[in-house]
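Below are the chains, spelled out letter by letter.
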Amino acid sequence: MATLTWVSCNRELEGIITANQAPETHTVADTIIRFGENRLESEVDLRWWGDDADGFVTGYEFTFDAVITPATIWTYTESQDSTFILAPPAGADSADYVFHIRAIDNNGEKDPTPASLIIPVKNSPPTITIIKGINTPLKTFPVLKFYWEGNDPDGTDNLMQFEVYFNDTLNEPYILDKTVTSAIFEAQDPMVTELVCDVYQNAATTPNAITINGLIANAWNKLYIRSVDQSEAKSAFAVSDSVYVKKVNSNVLMVNGYTTTTNETFYANNLIANGITVFDTTQIFEQTGGNYTQQSADNITQGKVFDLFEVIIWFSNNADNSFSLAQKTTEAFFNSGGKMLMSVYISSSFDPLSNFLDFTPIAELVNPVDTTLILDLGAQLNPLDIEYPTLQGTAIVGIVKPIILQIGATPLYEAELTAKDNITLSLTPWTGPSMVIAKKSDFTGNTNFVISTLELNKLDGLLNMQDLFQKILVDEFGL
């Protein structure tokens, strides 16, 4: 600082230049005295300030070196407060940290006597909770997804990783970073009993380089997971509900879209009659307490389950449920060359403008004004391809929704329908569009989707359903 003195109005200014004064640094607290359980948690908020007698403070430097030496590395900041995670070293539940802070003035001079503070901290063990997905399956093929949430009383930044096990916590843990809050576990070979699984973290579309062992097919399984913090303190294990993992036995999956085991025997018998004696089944809409017991935790995982198979035979009396789920979960299946036969009854409750039909051969439904279309007992379904057999109804179907096809789809059957005038209740033969079974092909020209909007088990009046299955599954799909 310059000290200036006036001598006379005729003389120049004279003065004595004095040395710059170093700034002074202060912390909000100068001493913290805490012992045992009263120590601070690992997440600590610290505040400081500085002043300068002959200028102003431009910034600060801090360090947690216990003793300041010429080799000490300082960290610069312009803030006057910060939150630090001061986790005790691995294996310790407490530690004393020394915080040094020094101000820097506008001339770059640093406080030669930094403020210091001893911070006694203790570590609190982390916690973890398993979070339920959209569904919590009780039975599944070997693709499973789990969600969890890890926390730490000392702050989430104090978390370090998660340790994951299937069934046996005496095995080596599978390590996941603290940023991972969910994972899909997909068997590399779903047809063996002792499964090696790829792991897809969060929303990753490619698996980790490291696989996980311990999942067992044709057995009940549990996932064990615990969180680990920076001090290597570990939470108690969170344990999933038991899930029965079914080994994949074939390349054919029967998807029962009824709420019971209805009609499984009909489809199984027609597969067996055509030499397809080994196949897998899932009852996709089975429920317990409002939870779908055989659906995956989310649609992505369910899509991976369907992609385990080459052919899916899907039958249901509920178009809303079946088309909605299938549209969301079969993209990977079809992209990898999968082929599907769907026999799904479309009732009057199905929204004719629904976009759930986009993945099927159907463009739209036929909805005549004030008219209900009926399939009478004994009415025939006439093939538009001479290689397909004529079919005959074995029950009255009170509501039939014929279909208009997407461009490129191929019609297979028209039904002999009766039109009921909903005003006069008169019955007349229906002469409008009556398509009820159709197919479409993949980009190579091979048939990959056959759909019937009538339940096939109600069309075996001529006892030739075996011939239809042979035409579709053997001739069209190549089984």
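Report on the accompanying structure. Residue indices follow the written sequence of each chain, beginning from 1 at its first position. Only residues with pLDDT of at least 70 get local features here, since the model is predicted, and only at 80 or more are side-chain atom pairs given and counted; chain-wide, interface and lining totals rely on the full set of residues. For side-chain calculations, the full set of non-hydrogen atoms in the structure is used, while hydrogens and water are omitted.

**What about the packing of aromatic side chains?**
(1) Moving on: Between rings of Phe, Tyr and Trp, where Trp is taken as its six-membered ring, a pair exists when centres lie within 6.5 Å; planes separated by under 30 degrees are stacked, by over 60 edge-to-face, and by other angles tilted. Within the structure shown, the criterion is met by 28 aromatic pairs.
(2) Moving on: Taking the centre distance of 5.7 Å and the plane angle of 45° together, the rings of Trp48 and Phe99 count as tilted. Linking Trp48 in strand 4 (residues 43-51) with Phe99 in strand 8 (residues 94-105), this pair joins segments that are 51 residues apart in sequence.
(3) Moving on: On the basis of relative accessibility, which here comes to 3%, the residue Trp48 falls in the buried class.
(4) Moving on: Above the ring of Trp74, the side-chain terminus of Arg102 is found at 3.8 Å from the ring centroid.
(5) Moving on: By the criterion adopted, a ring carries a charge over it if an Arg CZ or a Lys NZ lies within 6 Å of its centre and within 35 degrees of its normal. Between the NZ or CZ atom of Lys304 and the centre of the ring of Tyr200, over which it lies, the distance is 3.9 Å. Elements are defined by DSSP. Helices are runs of H or I of four residues or more, strands are runs of E of two residues or more, and each kind is numbered from the N terminus. Exposure categories follow from relative accessible area, calculated using a 1.4 Å probe and restricted to protein chains: below 20% of the type maximum is buried, above 50% is exposed, and the middle band is partly exposed.

**Some details on the sheet that holds strand 10 (residues 127-131)**
(1) Moving on: Strands were regarded as paired on the criterion that DSSP finds at least two bridges between them. Pairing is antiparallel across the open sheet formed by five strands, whose spatial order is 10-12-15-16-17. Whereas interior strands pair on both sides, the edge strands pair on one side only; in this sheet they are strand 10 and strand 17 (212-216). Looking at each pair of strands side by side, their axes are set apart by 40° on average, direction ignored.
(2) Moving on: In this structure, strand 15 (residues 182-187) lies alongside strand 16 (residues 194-201), joined through five bridges in antiparallel fashion. In the strand pairing of strand 16, Phe185 is matched with Val199. Each axis is a line fitted through C-alpha atoms, taken for helices only over the stretch in contact, and angles between the N-to-C directions span 0 to 180 degrees.

**Brief notes about the sheet that holds strand 35 (residues 427-429)**
(1) Moving on: Pairing is antiparallel across the open sheet formed by three strands, whose spatial order is 29-34-35. Only two strands of the sheet have a single partner each, and these edge strands are strand 29 (371-374) and strand 35. Between one strand axis and the next, the sheet turns through 30° on average, direction left out of account.
(2) Moving on: Here four bridges tie strand 29 to strand 34 (residues 418-421), and the two strands are oriented antiparallel to one another. Paired with Ile374 across the bridge in strand 34 is Thr418.

**Focus on the nonpolar core**
(1) Moving on: By nonpolar core is meant a set of buried Ala, Val, Leu, Ile, Met, Phe, Trp, Tyr and Cys residues that side-chain atoms within 4.5 Å join together. Membership of the largest hydrophobic core comes to 39 residues, with the highest contact counts inside it found for Ile313, Leu375, Leu381, Tyr413, Ile437, Leu456 and Leu473.
(2) Moving on: Looking at this core, the elements with two or more residues in it are strand 22 (252-256), helix 1 (264-273), strand 26 (311-316), strand 33 (410-415), strand 36 (435-441) and helix 5 (465-476).
(3) Moving on: Other than its neighbours up to four places away in sequence, Tyr413 contacts Leu381, Asn382, Pro383, Tyr388, Pro389, Leu391, Ser434, Met435, Val436, Ile437 and Leu468.
(4) Moving on: Ranked by size, the runner-up nonpolar core spans 35 residues in total, among them Tyr200, Val248, Ile312 and Phe449. In this analysis, two residues are considered to be in contact whenever any of their non-hydrogen atoms come within 4.5 Å of each other.

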